[in-house]
Amino acid sequence: MQNKLFLIILILLLTGKIHAQNTDNAKVFLITLDGVRWQEVFRGTDASLLNNSDYTRNKNLLEERFQGQSLEENRKKLMPFFWNSIAEKGQLYGNRDKGNKMDLTNTMWFSYPGYSEILTGFPDDQNITSNDKIYNSNVSFLEKVNQLADYNGKVAAFCSWDVFPYIINDKRSGIPVNAGYMKATTTPLTAREELINTMQFQAPILWESVRLDVFTHYMAKEHIKKKHPELVYISYGETDDFAHGGHFDFYINAIHNTDGLIQDLWETVQNDPFYKDKTYFVITTDHGRGTGAEDSSLWTGHGSSVRDSNETWLAIIGPQMKPKGEVVDQGQIYTNQIAATVLDLLNVKVNRKKMGESLVNRLNE
């Protein structure tokens, strides 16, 4: 009887009637930091803004925490995970001081168009011209992957900004998008999820549309441990809002804190057999911002009228990729290449019409 049962199960597996869960295939976490400039990533704290009392309230504290004896030391103090772990085992693109460039292909240079470009693989300047809560008519790679039988229900998004259900189009895509001040709802809730649901409303609400990143992070982390999704999108948002408010010290501290959250997430997946040595982190931003070199007030903003806010960057860490660290070759890549890159890392075949070219070959050359 046991032999018969074994034979039946074997036949079903071979004919595709039963899908065995393959825990050896790659997993990808796409992570974005809203409005973080390449200058901070590759240079560390901007001395001109640090010394500007209009934007920095406690210069001495920032100097003590984030200023060293060199540019390399400065950036390592600001983003230790990036410059200790990714620089050792992964790759970083976008240091324009070395002639390595990354740019948006949309011409809006603000959040909704930037995130849509990242997630769909192409710009849509005709239809996406504001940050209004309008459902995206374009299909993201998250949605395309979620439509595959092997990935359905294994895609999730956690975002601090409450516009993301519209950018990802959660109604059409069926992807669970927890954004803004949404509560965790995936039952059964863990004790920590119940606590986060309560705490996010009891903590100071600095912006009605943007939740504090720490709550987004731990809500995502609980879901990851509980459900083990294979494609995860996490969007941290504090950096851009602090910059818009002209709070350079808070902006800098938020970059440092987010670097720590990403490290915490990396350590979490590397200590989980489901993810360990199978997971890629693809980290980028939705847009740059003004340099403040000619007019320091331009640093607080971005958009088509603010020069240089089209400039972005990219960091990738994961298995089976060449550990190049900081890429200093003269070169140009674009934000519209991220979607196809993630699809290649997952090794899935979906319609890539209009998407930019994948970077996977470049990662290993």
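(A) Fine view of unusual backbone geometry. In this chain, Thr187 is followed by Pro188 through a cis amide linkage whose omega measures -5°. Here Pro188 is to be found in the loop between strand S5 (177-179) and helix H11 (191-202). Phi at His228 is positive, roughly 50°, even though this residue is not glycine. Tracing the backbone through its elements, the reader meets His228 in the loop between helix H12 (213-227) and strand S6 (231-236).

(B) A look at the side chain of Thr341. By the element assignment, Thr341 lies in helix H15 (residues 338-346). By relative accessible area, Thr341 is classed as buried at 2%. A distance of 2.9 Å separates the side chain of Thr341 from the backbone nitrogen of Leu359, its partner in a polar contact. Sequence-distant contacts of Thr341, defined by excluding residues within four places in its chain, comprise Ser358, Leu359, Val360 and Leu363.

(C) Focus on the pairing of strand S8 (residues 314-317). Burial along S8 is two-sided: Leu314 and Ile316 and Ala315 and Ile317, pointing in opposite directions, are all buried. Looking at chain direction, strand S2 (residues 91-93) and S8 are connected through 3 bridges and run antiparallel. Its bridge partner lying in S8, Leu92 is registered against Ala315. The sheet contact formed by strand S7 (residues 279-284) and S8 spans 4 bridges and is antiparallel. For Phe281, the partnering residue across the bridge sits in S8 and is Ile317.

(D) Here's a closer look at the side chain of Glu40. With respect to the helices and strands, Glu40 occurs in helix H2 (residues 38-43). Polar side-chain contacts of Glu40 include one of 2.7 Å to the side chain of Arg37. With residues up to four places along the chain from it excluded, the contact list for Glu40 reads Asp46, Leu78, Phe248, Tyr251, Ile252 and Ile255.

(E) Molecular detail of the packing of H11 against H12. Orientation of H11 relative to H12, taken along the N-to-C sense of each, is 160°, at an axis distance of 10 Å. By the angle between their directions, the pair H11 and H12 is classed as roughly antiparallel. In this structure, H11 meets H12 at a crossing whose hand is left-handed. Facing Arg192, Glu193, Ile196, Asn197, Met199 and Gln200 of H11, the residues of H12 in contact are Phe215, Tyr218, Met219, Glu222, His223, Lys225 and Lys226. Its residues assigned to classes, the contact of H11 with H12 comprises 5 nonpolar, 3 polar and 5 charged.

(F) Structural detail: the nonpolar core. Membership of the largest hydrophobic core comes to 101 residues, with the highest contact counts inside it found for Phe82, Phe141, Phe164, Tyr233, Phe281 and Ile283. In terms of residue count, the dominant contributor to this core is helix H14 (residues 248-270) (10 residues). Setting aside chain neighbours within four positions, we find Ile283 in contact with Ile31, Leu33, Phe82, Ile86, Ile262, Trp313, Leu314 and Ala315.

(G) Spotlight on the sheet that holds S2. Taken in spatial order, the 8 strands of this open sheet run S5-S4-S6-S1-S7-S8-S2-S9, and their pairing is mixed. On the outer flanks of this sheet lie S5 and strand S9 (325-326), each paired with one strand and no other. In this structure, strand S1 (residues 27-33) lies alongside S6, joined through 6 bridges in parallel fashion. Bridge assignment links Ile31 to a residue of S6, and that residue is Ile234.

(H) Seen up close, the confidence of the model for the chain. When the pLDDT values of the chain are averaged, the result is 93; 93% of them are 70 or greater. Under a pLDDT of 50 for its full length, residues 4-23 has, in the predicted model, 10 contacts with residues more than four places off or in other chains.

(I) Layout of the packing of aromatic side chains. A full pass over the atoms with the stated rule returns 18 aromatic pairs. Geometrically, the ring pair formed by Phe242 and Phe250 is tilted, given 5.3 Å between the ring centres and 40° between the ring planes. What makes Phe250 partly exposed here is its relative accessible area of 38%. Taken together, Phe29, Trp266, Phe274, Tyr275 and Phe281 form an aromatic cluster joined through their ring pairs. The ring of Phe274 carries Lys27 above its face, with NZ or CZ at 4.2 Å from the centroid. Here Lys354 stacks its cationic end above the ring of Phe122, 4.3 Å away from the centre of that ring.

Definitions and cut-offs
Residues numbered from 1 in each chain as written. Predicted model: local features only at pLDDT ≥ 70, side-chain atom pairs only at ≥ 80, totals over all residues. Heavy atoms only, no water. Helix = DSSP H or I, 4+ residues; strand = E, 2+ residues; numbered from the N terminus. Buried < 20%, exposed > 50% of the residue type's maximum accessible area, 1.4 Å probe, protein only. Polar contact = N/O pair within 3.5 Å; in protein donor to acceptor, adjacent residues only side chain to side chain. Contact = heavy atoms within 4.5 Å. Pairing = 2+ DSSP bridges. Axes fitted to C-alpha atoms, helices over the stretch in contact; angles between N-to-C directions. Parallel < 35°, antiparallel > 145°, perpendicular 65-115°, else oblique. Left-handed = near helix turned anticlockwise from the far one by under 90°. Nonpolar A, V, L, I, M, F, W, Y, C, P; charged D, E, K, R; others polar. Core = buried A, V, L, I, M, F, W, Y, C linked by side-chain atoms within 4.5 Å. pLDDT = per-residue confidence, 0-100. Phe/Tyr/Trp six-rings, centres within 6.5 Å; stacked < 30°, edge-to-face > 60°. Lys NZ or Arg CZ within 6 Å of the ring centre and 35° of its normal.

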